[in-house]
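In case you want the letters, here they are:
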Amino acid sequence: VSAFEEHFADYIGIEYATAVSNGTVAIHAALLALGIGPGDEVIVPTLTYIATVNPIRYVGATPVFAECEKVYWQIDTEDVKRKITPKTKAVIAIHLFGHPCEMDPLVEICKQNKIFLIEDCAESLGSTYKGKHTGTFGDIATFSFFGNKTITTGEGGMVVSKSKALIEK
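Computed from a predicted structure; not experimentally measured.

Draft legend 1. Structural detail: the packing of aromatic side chains. Using the criterion set out here, one finds 6 aromatic pairs in the structure. Between Phe4 and Phe8, the ring centres sit 6.1 Å apart and the planes meet at 70 degrees, which makes this aromatic pair edge-to-face. Residue Phe4 and its partner Phe8 are both found in helix α1 (residues 2-12); the two are separated by 4 residues, about one turn of the helix. Classification of Phe4 by relative accessible area gives partly exposed; the value is 31%. Pairing Trp73 with Phe97 gives two aromatic rings, centres 5.9 Å apart and planes at 75 degrees, and the pair type is edge-to-face. Note that Trp73 is positioned in the loop between β3 (62-66) and α4 (77-83) and Phe97 in the loop between β4 (88-94) and α5 (103-113), a separation of 24 residues in sequence. Residue classification places Trp73 among the partly exposed residues on the basis of a relative accessible area of 47%. Three or more aromatic residues joined by ring pairs form one cluster here, namely Phe4, Phe8, Phe143 and Phe145. A cation over an aromatic ring shows up here: Lys132 above the ring of Phe137, its NZ or CZ 4.6 Å from the ring centre.

Structure, rendered in C-alpha cells:
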C-alpha cells in the first residue's frame, strides 16, 4: 500500500497521498481534514453522483448546487461566484468523464473568498489541465478505484494533497 501511495503521488505530481477504502471515504476524510462541519456550506455541481454529496451531509454541512457549463458539463464558475455566502467553506470541483474543470478561475475564486478547493478526481485519473494532473490544484483531492474507474483495485480510493498536515489528519 505504501508503494502504491508513493507511485501514485509521483505519477500525478503531488507531495502526499494516502489510500482509503473507497472514493466516498476519500471525500469524507477530505472534508473532516479541512474541518468542515455543521453550519458550513459546500458548493458542488448539479451534475454529480450521490457519493460526492453524501459525505457533505455526513459531516453535517449543507450541499449547495451550482449549475454546470454546457460544453463539458463541468461546474460553472460564474454560478459558483453567485452561490458563495458567508457560510461557504469549500467548493468541490468534480472532473467528470475525464474532462478537467476550468481550474484557473476556480483556484482564483477560492483564494479570493478564502474557501477550500477540493477536487473529486474519481473519473479523471490521467487527465491534465494546462499540463498539470487533476488533483494537484486544490487544497486536497480525492480519487476512486471502484470497478468502473480508470484503474481499479476492486474498491479503494486515494486522498492527495500538497499539505502533509492535511494528509496526516
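Draft legend 2. Seen up close, the packing of helix α2 (residues 23-33) against helix α3 (residues 50-58). Two elements in contact, α2 and α3, have axes separated by 9 Å at closest approach and are oriented at 40 degrees. Our classification of the angle between α2 and α3 gives oblique. When you trace α2 past α3, the crossing you get is right-handed. Here Thr24, Ile27, His28 and Leu31 of α2 come into contact with α3, specifically with Ala51, Thr52, Pro55, Ile56 and Tyr58. When its residues are assigned to classes, the contact of α2 with α3 shows 6 nonpolar, 3 polar and no charged.

Draft legend 3. Inspection of the environment of Glu5 at higher detail. Here Glu5 is to be found in helix α1. Taking the C-alpha atoms as reference points, Glu5 and Val44, separated by 39 residues in sequence, lie 27 Å from one another. Aside from chain neighbours lying at most four places away, what touches Glu5 is Ala17, Thr18, Ala19 and Met158.

Draft legend 4. Representation of the side chain of Asp79 within the structure. Tracing the chain through its elements places Asp79 in helix α4. Judged by relative accessible area, Asp79 falls into the buried class, the value being 6%. Those residues in contact with Asp79 that sit more than four places away from it in its chain are Phe65, Ala66 and Glu67.

Draft legend 5. Quick peek at the layout of surface pockets. Computed from the structure, the largest pocket encloses a volume of approximately 450 Å³. Considering the residues around the largest pocket, the lining is formed by 23 residues, among which Tyr49, Ala51, Ala122, Ser144 and Lys149 are closest to the centre. Of the residues contributing to the lining of the largest pocket, the split by class is 10 nonpolar, 9 polar and 4 charged.

Draft legend 6. Broad picture of the sheet that holds strand β8 (residues 140-144). Pairing in this open sheet of 7 strands is mixed, and the strands run β1-β9-β8-β5-β4-β2-β3 from one edge to the other. One side of each edge strand has no neighbouring strand; the edge strands of this open sheet are β1 (16-20) and β3. Direction aside, the axes of adjacent strands within the sheet are offset by 25 degrees on average. Here β8 runs beside strand β9 (residues 157-161); their pairing, made up of 4 bridges, is antiparallel. In the sheet register, Ser144 faces β9, and the bridge partner there is Gly157. Here α3 sits on the sheet and contacts β2 (41-45), β3, β4 and β5 (116-120); the angle it forms with β3, its principal contact strand, is near 145 degrees. Set on the sheet, α5 makes contact with β4 and β5; between it and β5 the angle comes to about 145 degrees.

Basis of the calculations
- Residues numbered from 1 in each chain as written.
- Predicted model: local features only at pLDDT ≥ 70, side-chain atom pairs only at ≥ 80, totals over all residues.
- Heavy atoms only, no water.
- Phe/Tyr/Trp six-rings, centres within 6.5 Å; stacked < 30°, edge-to-face > 60°.
- Helix = DSSP H or I, 4+ residues; strand = E, 2+ residues; numbered from the N terminus.
- Buried < 20%, exposed > 50% of the residue type's maximum accessible area, 1.4 Å probe, protein only.
- Lys NZ or Arg CZ within 6 Å of the ring centre and 35° of its normal.
- Axes fitted to C-alpha atoms, helices over the stretch in contact; angles between N-to-C directions.
- Parallel < 35°, antiparallel > 145°, perpendicular 65-115°, else oblique.
- Left-handed = near helix turned anticlockwise from the far one by under 90°.
- Contact = heavy atoms within 4.5 Å.
- Nonpolar A, V, L, I, M, F, W, Y, C, P; charged D, E, K, R; others polar.
- 1 Å grid on protein atoms, 1.4 Å probe; cavity = no way out; pocket = protein on both sides within 12 Å on 5 of 7 lines; lining within 4 Å.
- Points joined across faces, edges and corners; volume = space filled by probe spheres on them.
- Pairing = 2+ DSSP bridges.

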